[in-house]
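# Reading the structure
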Amino acid sequence: MSMDKFSPSEAQDLHTFFAADPVAADYAFFGRKSYADRRGFLRGAGLTAMAAMVGAAVPFHRNMPAGLIPAVYADAAVLVGKDGLTLLNDRPLNAETPPHLLDDPITPTPRHFIRNNGIPPSEMDSNTWTLTVDGLVDRPMTLSIADLRSRFEVITMALAIECGGNGRAFFEPPARGNQWTYGAVACSEWTGVRLKDVLGAAGVQPNVVYTAHVGADAHLSGQPDKLPISRGVPIAKAMTDNVLIAFGQNGGPIHPMNGAPLRLVVPGWPGSCSQKWLRRIYLRDVVHDGAKMTGASYRVPRRKIEPGEKVDKENFVIIERMPVKSLITHPANGAAAGRAVEVRGHAWSGDRTVTAVDVSYDFGATWMPAALDAPANDGAWQNFRANVMLPAAGYYEIWARAIDSAGMTQPHAIDWNPKGYLNNTMHRVALRVS
Ligand SMILES: Nc1nc2c(c(=O)[nH]1)N[C@H]1C(S)=C(S)[C@@H](COP(=O)(O)O)O[C@H]1N2
Ligand SMILES: [Mo]
């Protein structure tokens, strides 16, 4: 089975994909080779994945042949195991979640956005997967997922991941790239081991300054020597308590498009730091210069520039923490409502906590504080809610602004940058009250 059969555009067309290679299709969508044994019966993790995807247990699963597309999916072009995502690009696959589908305190796996830079690997087998840790370490090592589980403390944390380009769609003049609106953000519960524990076991040499991450996905060009993306973080960030090497998502396996069977989760920093399909981490004595670490990738001008202005690449800096931001997840934009409305959403600020969220329904003339939860743990987003009583029938906008532990708040408009990163302007939703 080869991954060129699983081009993301075919992933939209289940019939083509399953017809071309039923075993690869089973594997890609149901995530585990055990889905179909030699006789074609569903088993083990495959059965669990199938049940999760069709939304119920499958009492007659023994009769289900391998390669059978569940009829519930057979009529639509859907991303299997994803629910309601908006497709932005099919090669590479990129899909975001509408804000009102991000209402849960913890994002269910089917609603976690997908941001791929290349073509996902064909093999995502947790039994044979290995992670190599090398470079400037005392004891280079190659670990299976079973090794990770047995040698290190296994923990579960709610950790927010936001793509550096979330909100790019609102830059003027437009910035090239996926036109993310609001939904390239999610907060799943990730299960795994701390990166710092693994690096500690390998022995970080004193001259290390940066990590370098390698995944198993292929470059869009098909050239085997080219990586679609290879990012890293300063060693101090890598050694913080909430950076995980994860093998579980929301109590189940990681979704194939979210990096199964092993990925990094670096909360609070651009999502690109959270390498999916993680194969190798090596430590370096220089700032990593892998794919999408240089030029204008995940970098912004050092100083404020005019919209459309050209900047030398030397005057760009690598994005580190993501800025303070909030998202209104209820009501949905444009919803019809009565006068009494519960406003709900999430707020986050990379490496900081959010101390307050304010809500306005009069275009920012007055603001009221929302009730704000503490983060589930360091690196989780924080949930907020506010009961609003609108004075009369008519058109309103609900605005939200978060304030973080350093006193930073969200702007009405942000400075333009060439690639459209770091848009943390206030979120607004329209309401029609009758
Ligand atoms: N191997 C690999 N890791 C990757 C990427 C990728 O294309 N390949 N995309 C990165 C980017 S840019 C983001 S925003 C996050 C998105 O994670 P998700 O697709 O699970 O939401 O994964 C990151 N890790
Ligand atoms: Mo990203």
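See the structure above.
Below or above, wherever it landed, is the structure these notes cover. Keep in mind that what you see is a predicted model, and the values were worked out from it rather than measured.

Each value, and the rule that gives it
Residues numbered from 1 in each chain as written. Chains lettered and ligands numbered in written order. Predicted model: local features only at pLDDT ≥ 70, side-chain atom pairs only at ≥ 80, totals over all residues. Heavy atoms only, no water. Phe/Tyr/Trp six-rings, centres within 6.5 Å; stacked < 30°, edge-to-face > 60°. Helix = DSSP H or I, 4+ residues; strand = E, 2+ residues; numbered from the N terminus. Buried < 20%, exposed > 50% of the residue type's maximum accessible area, 1.4 Å probe, protein only. Pairing = 2+ DSSP bridges. Near = heavy atom within 4 Å. Polar contact = N/O pair within 3.5 Å; in protein donor to acceptor, adjacent residues only side chain to side chain. Areas by Shrake-Rupley, 256 points an atom, 1.4 Å probe, with all protein chains shown as cover. Nonpolar A, V, L, I, M, F, W, Y, C, P; charged D, E, K, R; others polar.

### Quick notes on the packing of aromatic side chains
Within the structure shown, the criterion is met by 5 aromatic pairs. Each ring, one from Phe 113 and one from Trp 180, has its centre 6.1 Å from the other, and the planes form 80°; the classification is edge-to-face. With Phe 113 in the loop between β2 (93-96) and β3 (114-115) and Trp 180 in the loop between β6 (154-162) and β7 (185-194), the pair connects residues that are 67 residues apart, well separated along the chain. This pair shows no difference in class: Phe 113 is buried, exactly as Trp 180 is. Here Tyr 298 and Tyr 421 contribute two aromatic rings whose centre-to-centre distance is 5.3 Å and whose plane-to-plane angle is 25°, an arrangement assigned as stacked. On the criterion of sequence distance, the pair formed by Tyr 298 in the loop between β12 (278-284) and β13 (299-301) and Tyr 421 in the loop between β22 (394-404) and β23 (427-433) is long-range, its members being 123 residues apart. In this structure Tyr 298 comes out as buried when scored by relative accessible area, which is 5%.

### Quick notes on the pairing of β23
Here β23 lies mainly inside the structure; 5 of its 7 residues are buried. The pairing of strand β16 (residues 335-337) with β23 spans 3 bridges and is parallel. The residue bridging Ala 336 from the neighbouring strand is Arg 432, located in β23. Sheet analysis places β22 next to β23, joined by 7 bridges and oriented antiparallel. Within β23, the residue paired with Ala 400 across the bridge is His 427.

### Describing the site of ligand 1
Every one of the 19 residues lining ligand 1 counts as a neighbour, but Phe 113, Asn 117, Asp 217, Arg 263 and Lys 276 are closest to it. Within the side chain of Asp 217, a nitrogen or oxygen atom sits 2.6 Å from a nitrogen atom of ligand 1. Between ligand 1 and Lys 276, the relevant distance is 2.6 Å, taken from an oxygen atom to a side-chain nitrogen or oxygen of the residue. Notes on ligand 1: free accessible area 530 Å², of which the protein chains cover 100%. Grouping the amino acids of the shell around ligand 1 by side-chain chemistry returns 7 nonpolar, 8 polar and 4 charged.

### Section: the sheet that holds strand β21 (residues 382-389)
Taken together, the 4 strands give an open sheet; going across it, the order is β15-β17-β21-β20, and neighbouring strands pair in antiparallel fashion. Looking at strand neighbours, the two that pair on one side only are β15 (325-330) and β20 (371-372), the edges of this open sheet. Examined bridge by bridge, strand β17 (residues 340-348) and β21 share 8 bridges and lie antiparallel to one another. In the sheet register, Arg 344 faces β21, and the bridge partner there is Arg 385.

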